[in-house]
Amino acid sequence: MTSCSHPHDDALHGVHQTAHSQQAVAQRLLEAEQACVSSGSRLTPLRREVLELILLASAPIGAYDLLAKMKRDNERPAAPPTVYRTLEFLLEQGFIHRLASINAYIPCCHPRAGHQAAFLICQNCHQVQETSASPLMDSLAQVAASGGFTAQHSMIEIAGLCQNCQS
């Protein structure tokens, strides 16, 4: 399950479950289609299918798990390189995030807002919480700049136990 935290003064406040209902997924797909049109790109049927599978997943999902789901649903499933290119497109558009530590993908909680996120990953139940990392990213940028370094990409993943699993 993926949870989102909305930044209010850049602190963790209300947490909600991401869109998993068919209606909410349909809305997110429509928003993705509109964003692609606005940016001059296309949400092809394959891109749409991969995004939908990620939106419907109850936990972070890996590329080969996506391929397996697609194979069951299609007579001619996509080849791994095609799926990886599709995932790359979805990442570039900001519709999904890749969790490097577990090599899996989750939907972005705020796909229309350019933002830096931190991910709290429960090692027990695999719940992932996305939260704003803006203050931390500002500090990291200062550290990099003081060393004469220009960061091009950074991702913060914190592994531990969620509240439910701590009980």
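The coordinates are above.
This structure is a prediction, so every number in the text was calculated from the model and none was measured.

Conventions used here
- Residues numbered from 1 in each chain as written.
- Predicted model: local features only at pLDDT ≥ 70, side-chain atom pairs only at ≥ 80, totals over all residues.
- Heavy atoms only, no water.
- Buried < 20%, exposed > 50% of the residue type's maximum accessible area, 1.4 Å probe, protein only.
- Helix = DSSP H or I, 4+ residues; strand = E, 2+ residues; numbered from the N terminus.
- Pairing = 2+ DSSP bridges.
- Phe/Tyr/Trp six-rings, centres within 6.5 Å; stacked < 30°, edge-to-face > 60°.
- Contact = heavy atoms within 4.5 Å.

Structural notes on the pairing of strand β5 (residues 117-122)
- Taken across its six residues, β5 has five buried, putting it largely inside the fold.
- Direction of pairing for β5 relative to strand β6 (residues 128-132): antiparallel, over a ladder of five bridges. Its bridge partner lying in β6, Ala-118 is registered against Thr-131.
- The hairpin turn running from β5 into β6, its antiparallel successor, is five residues long, and His-126 in that turn takes a positive phi close to 70°.
- Here five bridges tie β5 to strand β7 (residues 156-160), and the two strands are oriented parallel to one another. Each residue of the ladder has a partner; that of Leu-120, found in β7, is Ile-158.

Section: the packing of aromatic side chains
- Summed over the entire model, instances satisfying the criterion amount to one aromatic pair.
- For the pair Tyr-64 and Tyr-84, a centre-to-centre distance of 6.3 Å together with 70° between the ring planes defines the contact as edge-to-face. Remark: Tyr-84 occurs in helix α4 (residues 80-93) and Tyr-64 occurs in helix α3 (residues 63-73); sequence separation between them is 20 residues.
- What makes Tyr-64 exposed here is its relative accessible area of 55%.

Quick word on the side chain of Thr-86
- Position of Thr-86 among the secondary structure elements: in helix α4.
- For Thr-86, a relative accessible area of 5% corresponds to the buried category.
- Setting aside anything within four residues of it in sequence, one finds Thr-86 in contact with Leu-46, Arg-47 and Val-50.

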